[in-house]
Amino acid sequence: MSRAIETSGLTKYYGDTEGIVDLHLAVDVGEVFGFIGPNGAGKTTTIRLLLNFLKPTAGSASIFGLDIDQDSLAIRSRVGYLPGDLALYPSMTGREFLLYFSRLRGIDTAASTVTLAERFDLDLDRRIKEYSKGNRQKVGVVNAFMHEPELLILDEPTGGLDPLMQQEFAELLAEVRADGRTVFLSSHYLPEVERVADRVGIVRQGRLIDVDTLSGFRSKVQSNLSIKFGSAVDPAEFASIEGVTVIDLLDGGTLLRLSIGGSQKAVIATASARDVLTITSEEADLDEVFLSYYGSELHPDPPG
Amino acid sequence: MPAILGKTLLDRRRAVMGYGLGIVALSVWLGAMFTVMRDSDEFIDFMNNLPSGLLSAFGIDSGTFVTAAGFLSSYLFTLFAPLFILFFVISAAAAEVMAEERDGLIDMLLSNPVSRTRVFLEKTGGVALAALLLAAVLTAALLVVNPIFDLSLSVTGVLAAGLSLWLLSLVFASLTLIAGTFTGRSVMAGGVAGSLALLAWFINSFASLYPALQPVANASPFAWYQDPNPLTDGAGAGQLWLAVTAGVLLAVATLLFRRRDLATEMAVVPATRAFRLPRRRKRRSLRAAWLLNGSFRKTVWDRRRSVWGWGGGLGFLTLVMFSVWPTLADDAQALADLVTSFPREVFAMFGMTNPEEIVTPAGLVSSRTYQAIGPILIVMFVVRGVSMAMVKEESDGALDLVLSAPSTRRTVVLNKALGVACSTALVIAILTVAALVGDLAYQTELGVGRILAAGAGLGLLGLFFGALTMAIWAVGGSSFPAVRVTAVVAMATFLLNGLGALSDAMAPARVTSPFYWYFGDNPPLAKGFEPTYFLLLAGALVLGWVAISRIDRRDIAT
């Protein structure tokens, strides 16, 4: 499968301050890639490097095989961008702004502009300074999508959108993926990513910590199982399964509580060979996984 | 038309109209002034017999001053027109490139498939075209005024002068862009380019009085700008130099812009300044401790650079004027005779009905600092202060945040107003110190009292217009162009004072002009604290009170 984004050792320092350090990342064409991390982790720096707003201190990156510095113009004609801190010309109307930007692209986007504006319930004929924050964000969304780019680079795209519009936005992303186009979605807000992303990269303090699919991350979670048996069982039989720890055995050996890292499959297979009455799973929230990556004080050593 | 260039022009249309109006008014004013002068035979005779070089301290070339071309060269083309057009291009270039970069708008533009070079050159081109429009307005105004006042200007001369002015503006626009792309900050861009322009103008204007400056003066764009004097001799080598310099500077700016990391407000400081970070952080925490004590302190702090810049400029100018005095004192009698031969109306337009005063130190220093440039600069300083601290904070939404704290609107606005007033007082203080030093060093014996009084008058004039801006803003609301209206009122009352001195019909109206209250009929340094200064004070207080009482009753917009 061909790469939409590929970075190799991409590094940006602002003087002594780390922006992003030694980033190796590959995003395939057609996937929705979530790039998440706390504020100041280096997400926006990475995006601004990809768009050639910043020049890398070291390393390189390519988009659709084109060099981000040398071929930036060709790249930008294939990319739609929504910045995290959206800047618009306040004295223009939404329509004027979008017209101006479509002229800079050299293409006519009148039809898709109108369709998108209707879809997001945006009145294009008011001045941008009169828009609410959410409406401003909608102008940014329309601007990023109106030319049907092959790659969308979105920095915290749903900020300011109400839940209905967030839903609409998620559907839009689903359509983009169905078209085989690629999305690079940066956020510090997990649900925004969880709803749409195929794979997720976690970045913290300028470093990429882990990349995996959402189910991959889920499988890294410690989940707890309580199994009620009709008769007493031998806990050693379960303790020998890889990744399984027996918490305790209650009710005269008939209620077994286990902590499982990874798949529950082997546990369930073993249990079903016995006299199982009920299985209660308490799966840890995905939030907790990501929190464990985020906060160094809560969890000094990130799992995985 | 290319899209970015078109948008840049469109964005500048109001500024072009405003500055254009000012330029037209100036041309008419100076044309009228010249006709009054020309009709005085006594004056013409005298001028022709004057030792040359004597008047250069007033920017007057005695050889050609009696022709319209000479008169306009010294007043319009070396003083007012560059002031207008440079202020315009420097602020426009800083706003289009540096301020948009800071706001993240350049990021937005560049997310489209357009090259940095194109964005940069189209924006610069837009500013250059707008400046060309202004130069064209001036040229057209002169061509219209020419037959009306019978000025006998040559058409090619006027066109060449317009061209030369435009090229001069391009040099400083390019300098603005270099300073901005180097530092990445719009404030620095405007500050550096503005200071360079002021310095270049100083060196060129005073080179004839200080032979030591002569070699340096040849490096000043202002020297090329008038060599040959385009109004009389058409364009030549100097204008070519300006064009080449502007081109080279622009190429450097373009290269710098292509290579730089675009800095938005949220991005971290650029690498070039990072080595200062630890010290900066310490300074920042000290600053925070001081600032967190309310709107008054914050307003004063925010204006600190302007205080140094504007105060320093005025103070420097004052010292230079004092230093000129001993040279002139030797020829005082000749000068006095000349001045008595001047039509009195000409002096009255600058607020001097006793022209003999100009040959006193008080008159000389007043003529530049306290009368020609001082009032314009101080009014601009105060109005800008009010605009930044109130008008702009409201439209940015920062005022919302300030008002979300439990303090009344009146308190906040009053504190901000006092902050602006305090920074104005600081500017005046710097000027006053410079004047006191000059007075001592050159033994002009003006005395502390008169210097303090003149400073007070100048400051009060500024505060009057600052309070006017506040009142218009408070009554009219955030969408009402308070600053522009103030600028128009200031210009109109300035002209009213000048023209009122010329025509008997307008003389009664003249007393309503705040500029008349300040200028009066004598040089400010000569007269001490005038009762009319109380009018300025009362006006400022009343307008300030109107603003503070009205702000409570209207909606705060963002």
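It should be emphasised that the depicted structure is a prediction, and the values quoted were computed from it without experimental measurement.

K.L.:
Explanation requested: a positive patch on the surface in the structure shown.
P.N.:
A cluster of basic residues, Arg 127 and Lys 129 of chain A together with Arg 13, Arg 14 and Arg 484 of chain B, forms a positive patch on the protein surface. Within the fold, Lys 129 of chain A resides in the loop between α4 (110-119) and α5 (133-145). Taking the relative accessible area as the measure of exposure, Lys 129 of chain A reaches 45% and is therefore partly exposed.

K.L.:
Can you help me understand the packing of helix α8 (residues 186-206) of chain B against helix α15 (residues 304-329) of chain B in this one?
P.N.:
What describes two packed helices is the angle between their axes and the distance between those same axes. All names here are of chain B. Running from N to C, α8 and α15 cross one another at 5°; their axes reach a closest spacing of 12 Å. Relative to α15, the element α8 lies roughly parallel. Across from Leu 198, Trp 201, Phe 202 and Phe 206 in α8, the residues of α15 making contact are Gly 313, Phe 316, Leu 317, Val 320, Met 321 and Val 324.

K.L.:
Just checking my understanding: could you explain the packing of aromatic side chains for this structure?
P.N.:
Any aromatic ring pair is given by two values, namely how distant the centres are and how the planes are angled relative to each other. If you walk through the whole model with that rule in mind, you get 31 aromatic pairs over all chains. A ring pair is formed by Phe 229 of chain A and Phe 238 of chain A, whose centres lie 6.0 Å apart and whose planes are at 45°; its orientation type is tilted. For Phe 229 of chain A, a relative accessible area of 1% corresponds to the buried category. Accessibility expressed as a relative area gives 0% for Phe 238 of chain A, which makes it buried. Between the aromatic rings of Phe 529 of chain B and Tyr 533 of chain B, the centroid separation amounts to 5.1 Å while the plane-to-plane angle is 80°, which identifies the pairing as edge-to-face. The exposure class of Phe 529 of chain B is partly exposed, given its relative accessible area of 41%. Given the relative accessible area of 0%, Tyr 533 of chain B is considered buried. Cluster of aromatic residues (ring-pair linked, three or more members): Trp 29, Phe 80, Phe 464, Phe 465, Phe 494, Phe 515, Trp 517, Tyr 518, Phe 519, Phe 529, Tyr 533 and Phe 534 of chain B. Its end group placed over the ring of Tyr 89 of chain A, Lys 7 of chain B keeps NZ or CZ at 3.9 Å from the ring centre.

K.L.:
Just checking my understanding: could you explain the interface of chain A and chain B for this structure?
P.N.:
Note: interface size is frequently given as the accessible area lost on complex formation between the parts. Taken together, the contacts link 31 residues of chain A with 34 residues of chain B. With both chains or domains summed, chain A and chain B bury close to 2800 Å², and 61% of this area falls on carbon and sulfur atoms. Area buried by chain A at its contact with chain B is led by Phe 53, Tyr 89 and Leu 104 of chain A, which between them contribute 23% of it. Those elements giving two or more residues to the side of chain A that touches chain B turn out to be β1 (3-14), α1 (43-50), α2 (72-76), β6 (79-82) and α3 (94-105) of chain A. For the side of chain A that touches chain B, the element with the highest residue contribution is α3 of chain A, accounting for six residues. By residue class, the composition of the side of chain A that touches chain B is 16 nonpolar, six polar and nine charged.

Thresholds applied
Residues numbered from 1 in each chain as written. Chains lettered and ligands numbered in written order. Predicted model: local features only at pLDDT ≥ 70, side-chain atom pairs only at ≥ 80, totals over all residues. Heavy atoms only, no water. Patch = residues over 30% accessible without salt bridge, like charges linked within 9 Å, V, L, I, M, F, W, Y side chains within 5 Å. Areas by Shrake-Rupley, 256 points an atom, 1.4 Å probe, with all protein chains shown as cover. Salt bridge = Lys/Arg side-chain N within 4 Å of Asp/Glu carboxyl O. Lys, Arg positive; Asp, Glu negative; His and termini not counted. Charge placed at Lys NZ, Arg CZ, Asp CG, Glu CD. Helix = DSSP H or I, 4+ residues; strand = E, 2+ residues; numbered from the N terminus. Buried < 20%, exposed > 50% of the residue type's maximum accessible area, 1.4 Å probe, protein only. Axes fitted to C-alpha atoms, helices over the stretch in contact; angles between N-to-C directions. Parallel < 35°, antiparallel > 145°, perpendicular 65-115°, else oblique. Contact = heavy atoms within 4.5 Å. Phe/Tyr/Trp six-rings, centres within 6.5 Å; stacked < 30°, edge-to-face > 60°. Lys NZ or Arg CZ within 6 Å of the ring centre and 35° of its normal. Buried area = accessible area lost by both parts, 1.4 Å probe. Nonpolar A, V, L, I, M, F, W, Y, C, P; charged D, E, K, R; others polar.

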